[in-house]
Amino acid sequence: QQPVQSPQAVILREGEDAVINCSSSKALYSVHWYRQKHGEAPVFLMILLKGGEQKGHDKISASFNEKKQQSSLYLTASQLSYSGTYFCGTAGVGGSQGNLIFGKGTKLSVKP
Amino acid sequence: DAGITQSPRHKVTETGTPVTLRCHQTENHRYMYWYRQDPGHGLRLIHYSYGVKDTDKGEVSDGYSVSRSKTEDFLLTLESATSSQTSVYFCATTGPSSYEQYFGPGTRLTVT
């Protein structure tokens, strides 16, 4: 039931774009995205709800395809500060919305 | 910053000894969570609480117990620590009007 994230790791140059995918085998109500820098706690980026719209946060946006049970995180014109590990957390339909199952993470490295 | 502290921040203990980790929040959030984070596994939910004295199991609850006697404190106890419980433990809380989870700074536990 753990969502699958891809790619596992990606290296970018500043200004390049990246897409991180999160795919689940079960019906989802919501997908949450978090970023964690090395040695720090995860920090919330955004949540996408079933029936909701695509979200955006500065140059980071995300989409949620309910039918495919997939979400994608888009990072455009990447900055050095975007480096870190990105996790998606999923909540299933009918379950408790706070009980998230997280993917294993995607490590993003942005180089100058 | 949701005012979440964890104690201790680092602990080394021996196999078979009991260990209690504390999570303290100042935001009066109703929901609290305990996760463990291990390389290659992402974040996994151990136990959660939806109110004082109301707790339930997460996906990796074996070997752990929790208690919540006050809104602000959520304790995680390892009754008899094992080496497989060496991990980084994060506490998180959720506010009343959103699903965003705020994470504490983490506790690094080593069981020798």
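Numbers given to residues run from 1 along each chain, matching the order in which its sequence is written. For naming, the first written chain is A and the first written ligand is 1, with later ones following in the order written. The predicted nature of this model means local features are confined to residues of pLDDT at least 70 and side-chain atom pairs, given and counted, to a pLDDT of 80 or more, with totals for whole chains, interfaces and linings taken over all residues. Hydrogens and water are ignored here; the side-chain numbers use all heavy atoms of the structure.

Asker: Would you mind going over the packing of aromatic side chains with me for this structure?
Answerer: To pair, rings of Phe, Tyr and Trp, with the six-membered ring standing in for Trp, must have centres within 6.5 Å; the planes then decide the type, stacked if under 30 degrees apart, edge-to-face if over 60, and tilted in the middle. Throughout the structure, instances matching the rule amount to 11 aromatic pairs over all chains. Look at Tyr34 of chain A and Phe102 of chain A: their rings are 5.7 Å apart centre to centre, the planes differ by 65°, and that puts the pair in the edge-to-face class. Pair noted here: Tyr34 of chain A is in strand β4 (residues 28-36) and Phe102 of chain A is in strand β10 (residues 101-102), with a separation of 68 residues, a long-range link. Per-residue accessibility, obtained with a 1.4 Å probe over protein chains only, is compared with the maximum for each type, and a residue is labelled buried under 20%, exposed over 50%, and partly exposed between these values. The class of Tyr34 of chain A is buried, set by a relative accessible area of 0%. Aromatic rings pair up to connect Tyr34, Phe44 and Phe102 of chain A together with Tyr33, Tyr35, Tyr48, Tyr50, Phe90 and Phe103 of chain B into one cluster. What counts as a helix is a DSSP run of H or I of at least four residues, what counts as a strand is a run of E of at least two, and both are numbered from the N terminus.

Asker: Help me understand the interface of chain A and chain B, please; the structure alone is not making it clear to me.
Answerer: The extent of an interface is frequently quoted as the accessible surface area lost upon association of the parts. By the convention used here, residues are in contact when the closest approach between their heavy atoms is within 4.5 Å. Facing the 19 residues of chain A at the interface are 17 residues of chain B. As a working definition, buried area equals the accessible area (1.4 Å probe) given up by two parts on being put together, with both sides summed. A combined buried area of about 1,500 Å² lies between chain A and chain B, and 60% of that area is made up of carbon and sulfur atoms. Definition used for salt bridges: Asp or Glu carboxyl oxygen within 4 Å of a side-chain nitrogen of Lys or Arg. Run the count over chain A and chain B and you get 0 salt bridges. Under the rule applied, a polar contact is a pair of N or O atoms within 3.5 Å (in protein, one hydrogen donor and one hydrogen acceptor; residues adjacent in sequence only if both atoms are side-chain atoms). Joining chain A to chain B, the criterion identifies 4 residue pairs in polar contact (both at pLDDT 80 or more). Every element with two or more residues in the side of chain A that touches chain B is listed here: β4, β5 (43-49) and β10 of chain A. Looking at the side of chain A that touches chain B, its residues break down into 10 nonpolar, 7 polar and 2 charged. Note that Gly is not counted as nonpolar here; it falls among the polar residues with everything else outside the nonpolar set of Ala, Val, Leu, Ile, Met, Phe, Trp, Tyr, Cys and Pro and the charged set of Asp, Glu, Lys and Arg.

Asker: I would appreciate a short explanation of the nonpolar core in the present structure.
Answerer: Across soluble globular proteins, nonpolar side chains have a tendency to be buried as a group. For our purposes a nonpolar core is just a set of buried Ala, Val, Leu, Ile, Met, Phe, Trp, Tyr and Cys residues, chained together by side-chain atoms within 4.5 Å. Grouped together as the largest cluster of nonpolar side chains are 21 residues, with contacts concentrated most on Trp33, Met46, Leu73, Leu75, Tyr82, Tyr86 and Leu108 of chain A. For this core, the secondary structure elements donating two or more residues are β2 (9-13), β3 (18-23), β4, β5, β7 (60-65), β8 (70-75), β9 (84-92) and β11 (106-111) of chain A. Counting 18 residues, the second-largest nonpolar core is a separate cluster that includes Ile4, Trp34, Cys91 and Val111 of chain B.

Asker: Would you take a moment to explain the layout of surface pockets for this structure?
Answerer: One water molecule sets the probe size; rolling that probe over the atoms shows where empty space is left. Roughly 950 Å³ of volume is contained in the largest pocket. Residue lining of the largest pocket: 36 residues in total, with Gln36, Thr85 and Phe87 of chain A together with Gln37 and Pro39 of chain B positioned closest to the centre. Breaking the lining of the largest pocket down by element, the ones donating at least two residues are β1 (4-6), β9 and β11 of chain A together with β4 (31-38), β9 (87-94) and β11 (107-111) of chain B. Considering only residue class, the lining of the largest pocket consists of 9 nonpolar, 20 polar and 7 charged. Only protein atoms enter the 1 Å grid used here. Points where a 1.4 Å probe fits but cannot escape make up a cavity, open sets with protein on both sides within 12 Å along at least five of seven lines make up a pocket, and a residue lines them when an atom lies within 4 Å of a point. Grid points are joined across faces, edges and corners, and a volume is the space filled by probe spheres set on the points.

Asker: What am I meant to see in the sheet that holds strand β8 (residues 73-78) of chain B here?
Answerer: Pairing between the strands of a sheet is mediated by backbone hydrogen bonds and can be parallel or antiparallel. Residue and element names in this part refer to chain B. An order of β1-β3-β8-β7 is seen for the 4 strands of this open sheet, with the pairing classed as antiparallel. Bordering the open sheet on either side are β1 (4-7) and β7 (64-70), each of which pairs with just one other strand. Across the sheet, the mean angle separating the axes of adjacent strands is 20° when strand polarity is ignored. Sheet analysis places β7 next to β8, joined by 5 bridges and oriented antiparallel. When the bridges of β8 are listed, Lys70 appears paired with Asp73. Any two strands with at least two DSSP bridges between them are considered paired. Every axis in this analysis is a line fitted to C-alpha atoms, fitted for helices over the stretch in contact. Angles between the N-to-C directions lie between 0 and 180 degrees.

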